[in-house]
Each structure stands twice: as C-alpha cells, then as structure tokens.
Amino acid sequence: MSANSELSKFVVWAPDCTDEGALARRLAVRSSHLENANMLSKQGIVRTAGGVLTPDSADAAPSHRKFFGSCLIFEADSLEAVRQHVEEDVYYKTGVWDKEKLLILPILIATGLPPVVPS
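Criteria and thresholds
Residues numbered from 1 in each chain as written. Predicted model: local features only at pLDDT ≥ 70, side-chain atom pairs only at ≥ 80, totals over all residues. Heavy atoms only, no water. Helix = DSSP H or I, 4+ residues; strand = E, 2+ residues; numbered from the N terminus. Expected span 1.5 Å × (residues − 1). Bend = angle between axes of the 7 residues up to and from the residue. Buried < 20%, exposed > 50% of the residue type's maximum accessible area, 1.4 Å probe, protein only. Contact = heavy atoms within 4.5 Å. Core = buried A, V, L, I, M, F, W, Y, C linked by side-chain atoms within 4.5 Å. Salt bridge = Lys/Arg side-chain N within 4 Å of Asp/Glu carboxyl O.

### A closer look at helix α1 (residues 22-42)
Thinking step 1. For α1, built from 21 residues, the straight-helix expectation of 30 Å at 1.5 Å per residue is met to within 8% by its first-to-last C-alpha distance of 28 Å.
Thinking step 2. Along α1, the sharpest kink reaches roughly 55°, centred on Arg 30.
Thinking step 3. Considered for burial, the residues of α1 that qualify are Ala 22, Arg 26, Val 29, His 33, Ala 37 and Leu 40.
Thinking step 4. Here the buried face of α1 lies against β2 (46-53), β3 (67-76), α2 (79-88) and α3 (90-93).
Thinking step 5. A positive backbone phi angle near 80° is found at Gly 44, which sits one or two residues after α1.

This is how it looks when you write it as structure tokens:
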C-alpha cells in the first residue's frame, strides 16, 4: 500500500489476556508477531506500534517487564481492513490479546506521525 493522505487512521487497543499463561504465549510467538508488524510497517499500513507495559515495570530490565497489551496505529481504507489485519496477527490467533476487550477506533492524528516516504 502506498502512502495516501486520503486513508484513514485507526488506533487499536489490544489488551492482553490476564490468565496465567498469557505472558508465556506472548513470548512464544513474539518474533512472528514482530516480523508481521514490521512488514505492515514497511507497507505503510502500521504507522507505529508497541507493547504497553504495566506501570511497575516501566523501568525494569527487559527480562522483568510485564506487558499489559499492545497499541497500534493503522492507516487503511476502512475499519474492516484494519480488523482483518488484526485478526490475522499471531497475537490474536493464539490468545495473547483479549478478543472481547480489543478496540479499533478511528483517530484524527494531530501531531507526531510524519508522512510515509515510499522506499
């Protein structure tokens, strides 16, 4: 997908499941998740994304960080297109993200996301 100012932006809040095995599932498929996110980023679909940490682990060593969920900004034609990408993600498929609490909302970006420059 090429950069296009006509495309809408969407914020995705994907909280992690809270069961005992959620962190282990996240870590087991993390490299696959990051590979997919990086591919979507190179295509201009995911503008920025990251894992959300619990407040008590913000300054912790990487091995002691506790994840609370993920936050992503997408650029796409529609909410349905974003939902399709989210539902294809390994975190969604393997039960890392809590599907019942996941939100996809349109967002008007006021600052902070420079235009995508085609490579």
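### Details of the nonpolar core
Thinking step 1. Core analysis: the largest hydrophobic core is formed by 19 residues, its most contacted members being Val 12, Phe 74, Val 82, Val 86, Trp 97, Leu 102 and Ile 104.
Thinking step 2. Secondary structure elements with two or more residues in this core: β1 (8-15), α1, β3, α2 and α3.
Thinking step 3. Filtering out sequence-adjacent residues up to four positions away, Val 86 remains in contact with Val 12, Phe 74, Tyr 92, Trp 97, Leu 102 and Ile 104.

### With respect to the pattern of salt bridges
Thinking step 1. What the rule picks out here adds up to six salt bridges.
Thinking step 2. Salt-bridge contacts for Asp 16 lead to Arg 26; the nearest nitrogen and oxygen are separated by 2.9 Å. With Asp 16 in the loop between β1 and α1 and Arg 26 in helix α1, the pair connects residues that are 10 residues apart, well separated along the chain. The exposure classification of Asp 16 matches that of Arg 26, with both residues buried.
Thinking step 3. The salt bridge involving Arg 83 is made with Glu 87; its shortest N-O contact spans 4.0 Å. Of this pair, Arg 83 and Glu 87 both sit in helix α2, four residues apart, roughly one helical turn.
Thinking step 4. Under the relative-accessibility criterion, Arg 83 is labelled partly exposed at 35%.
Thinking step 5. Looking at Glu 87, the relative accessible area reads 32%, which means it is partly exposed.
Thinking step 6. Connected through shared salt-bridge partners, Lys 9, Arg 47 and Glu 75 make up one network.

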